[in-house]
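# A closer look at the structure
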Amino acid sequence: MQLPKKKTPKALKFNATFTYAPAPESKSHVKLQEQYGLFINGKFEKPNSGKYFETINPATEEKLAMVADANAKDVDKAVKAARTAYDKVWSKMPGKERAKYIFRISRMLQEKARELSVLETMDGGKPIRESRDIDIPLAANHFFYYAGWADKLDYAFPNQQPKSLGVAGQIIPWNFPLLMAAWKIAPALATGNTIVLKPAETTPLTALKLAEIIQESGLPEGVVNIITGAGATGAALVQHPGIDKIAFTGSTDVGKLIQRATAGTNKRLTLELGGKAANIIFEDAPLDQAVEGIINGIFFNQGHVCCAGSRLFVQESVYQKVIRKLKDRIETLIVGDPLDKNTDIGAINSKQQLDTIKKYISIGIKEGGEIHESSCAIPKKGFYCRPTLFTNVSQSHRIAREEIFGPVLAIQTFRTDDEVIEKANNTAYGLSAGVWTDKGSKIFNMTSKLRAGVIWANTFNKFDPTSPFGGYKESGFGREGGVQGLSAYLKSF
Ligand code: NAI
Ligand code: MG
């Protein structure tokens, strides 16, 4: 018997007008106060300055809350609270007792993960998918990881009798607000130091939520103090004579100021500054996977990442193919409401940062780069930037040398391993790099010759609390994460 012939369905044509239905995350469970004080000695206090500033949602330009602007007197009060807590309680507490508090903070972050994720997205503009899947879980993970070390310092540093430093002043940026707070606070607590932390002025809200969590956790008063303000508050903290250590993450310019201010003092210093990472694609790489890695490397968090893969080097033989794939891929990226679960690229963190990015885009064009940007629509209100590629870029172009901190990729080509090593290392920075190849031997060759603190192979922008992170050259010094992250908070042996 002959079976009736099956009709093959017509190939489904890609419908260019196809869009995802909106899938916004609810804000209803986020509890925000109208005004926040300074978290000093376990309590929220009015600032001595009497001044407050607003923090907005960069996706809508709406005001979210007023936040205290700490002056030098407030900083002094916070440092004194931290000193008293260090002398009377924290430095005397056995590691296994300190660990309990750190574990508790980790658990509470997990319990409040939903609220923290939405708040992180509202205050800073990053897509909810990232704050939900990366920032908040990793922040909890950092506390969890370092809690485990608190009673094992003697094993981490055998025969060295590790001793805490005292009071740590910590200044963090706006690109990973809660995660950077966790990177700073968790190892300092595990090693027995007390803390004055200052979040960035555009993203203070999750740090203030963390202050509420710390209050609820029962951590002894004054062990962690969280004060808000802008550059002047940070500078007052750096200059305070009662500080034993400064840990800073932010711009290279401010890092240099801090290094000058702490020179000749007894203050220990770690700096995690800018970057201009090379992402290198060899012809034998799995190209589709590599293209996804490039996209993740530069468009993740709107390119607000110090280790962003902002310089792409493609081996000449696959250049045309890779560029075509990249252009196709950026057309499909969804730019818009960061609270929407479909959004790939959210809002730029501030008007100021958007202006910086636009300035670099026009410099790139003026210097002869060929621009290609996604044709997607962007919201009228709020700060947004389309994903942008530059080809025809040379080593001397500013967009290939300077940190843009936005969704802008500068693309160059190469022929040989030695040529790309030379080009990739020809930068003032050295925070991270990426290598895409099928050959293990090539990976080992590249990773031993690239001057960067972190090198990813066939992946990009992957973080783990057990793995140390930090830079070479103008990207700073000192390591955060892993066992190495503990030594930054211990007396030198
Ligand atoms: P920034 O370095 O001014 O801000 C980082 C932190 O330092 C904030 O908490 C700020 O209040 C504080 N700060 C500012 N001036 C200070 C001073 N004199 N003393 C002590 N603390 C001070 O960074 P900004 O202006 O927000 O961004 C400018 C550029 O810096 C970006 O375009 C980007 O290239 C780079 N950047 C790099 C970051 C990284 O993760 N490595 C993070 C943020 C910015
Ligand atoms: Mg904000």
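Residues numbered from 1 in each chain as written. Chains lettered and ligands numbered in written order. Predicted model: local features only at pLDDT ≥ 70, side-chain atom pairs only at ≥ 80, totals over all residues. Heavy atoms only, no water.

As a structural note, the neighbourhood of ligand 1 is formed by 27 residues, with Trp174, Glu201, Ser251, Leu273 and Glu403 the closest of them. Backbone polar atom of alanine 235 to a nitrogen atom of ligand 1: 3.4 Å apart, as the coordinates give it. One nitrogen or oxygen atom from the main chain of leucine 273 is found 2.8 Å from a nitrogen atom belonging to ligand 1. Burial of ligand 1 by the protein amounts to 85% of the accessible area it has alone, namely 810 Å². (Near = heavy atom within 4 Å. Polar contact = N/O pair within 3.5 Å; in protein donor to acceptor, adjacent residues only side chain to side chain. Areas by Shrake-Rupley, 256 points an atom, 1.4 Å probe, with all protein chains shown as cover.)

This paragraph deals with the coordination of the magnesium ion (ligand 2). Within the protein, the atoms that donate to the magnesium ion (ligand 2) are Thr55 (OG1), Ile56 (O), Asp123 (O), Asp123 (OD) and Thr202 (O), at distances of 2.2 to 2.5 Å. Motif for the magnesium ion (ligand 2), donor spacing along one chain: T-I-x66-D-x78-T. Of this pair, aspartate 123 sits in helix α3 (residues 113-124) while threonine 202 sits in the loop between β7 (194-198) and α7 (205-217), and the two are 79 residues apart along the sequence. The class of threonine 202 is partly exposed, set by a relative accessible area of 24%. (Donors = N, O, S within 2.8 Å, 3.2 Å for Na, K, Ca; no water. Helix = DSSP H or I, 4+ residues; strand = E, 2+ residues; numbered from the N terminus. Buried < 20%, exposed > 50% of the residue type's maximum accessible area, 1.4 Å probe, protein only.)

On to the side chain of glutamate 25, then. Note on placement: glutamate 25 falls in the segment before β1 (35-36). Engagement of the side chain of glutamate 25 in a polar contact is seen with the side chain of arginine 114, the distance being 3.1 Å. Apart from residues no more than four positions distant in its own chain, glutamate 25 is found in contact with Arg114, Val118, Ile128, Leu339 and Lys341. (Contact = heavy atoms within 4.5 Å.)

Before going further, it helps to examine the domain arrangement of the protein. As far as domains go, the protein holds domain 1 (35-273 + 475-491) and domain 2 (278-464). The distance between the C-alpha centroids of domain 1 and domain 2 comes to 30 Å. If you look at the interface, domain 1 gives 29 residues, while domain 2 gives 31 residues. For the pair domain 1 and domain 2, the summed buried area comes to about 2,500 Å², and 58% of that belongs to carbon and sulfur atoms. The largest share of the area that domain 1 buries against domain 2 comes from Arg129, Trp174 and Ser475, three residues that together contribute 21% of it. Here domain 1 is connected to domain 2 by one salt bridge. Note that aspartate 344 is salt-bridged to arginine 129, the shortest N-O span being 2.8 Å. The tally of links from domain 1 across to domain 2 stands at 15 residue pairs in polar contact (both at pLDDT 80 or more). Sorting the residues of the side of domain 1 that touches domain 2 by element identifies α3 and α4 (128-149) as the ones contributing at least two each. Among the elements that take part in the side of domain 1 that touches domain 2, α4 stands out by supplying six residues, more than any other. (Domains from an automatic or database assignment. Buried area = accessible area lost by both parts, 1.4 Å probe. Salt bridge = Lys/Arg side-chain N within 4 Å of Asp/Glu carboxyl O.)

This part covers helix α6 (residues 177-190). In this model α6 runs 20 Å from its N-terminal to its C-terminal C-alpha over 14 residues, within 8% of the 20 Å that 1.5 Å per residue would give. Backbone geometry just after α6 places glycine 192 at a positive phi near 90°. (Expected span 1.5 Å × (residues − 1).)

Per the counting criterion, the structure on display carries 24 salt bridges. Between lysine 442 and aspartate 284 there is a salt bridge, with the nearest N and O atoms lying 3.4 Å from each other. One end of the pair, lysine 442, is in helix α15 (residues 440-449); the other, aspartate 284, is in the loop between β11 (278-281) and α10 (287-299), and 158 residues separate them in sequence. For arginine 415, the salt bridge identified is with glutamate 316, shortest N-O distance 3.0 Å. Of this pair, arginine 415 sits in the loop between β15 (408-414) and α14 (417-425) while glutamate 316 sits in the loop between β12 (311-315) and α11 (319-331), and the two are 99 residues apart along the sequence. Given a relative accessible area of 40%, glutamate 316 falls into the partly exposed group.

Core analysis: the largest hydrophobic core is formed by 96 residues, its most contacted members being Leu109, Ile185, Leu189, Val224, Ile281, Leu326 and Ile411. Counting contributing residues per domain, this core is built from domain 1 (35-273 + 475-491) and domain 2 (278-464), each supplying no fewer than three. Each residue touching valine 224, except ones within four places of it in the same chain, is listed here: Phe39, Ile185, Leu189, Ile195, Ile214 and Leu219. Judged by nonpolar contacts, the second largest core, of 23 residues, contains Ala82, Ile227, Val238 and Ile246. (Core = buried A, V, L, I, M, F, W, Y, C linked by side-chain atoms within 4.5 Å.)

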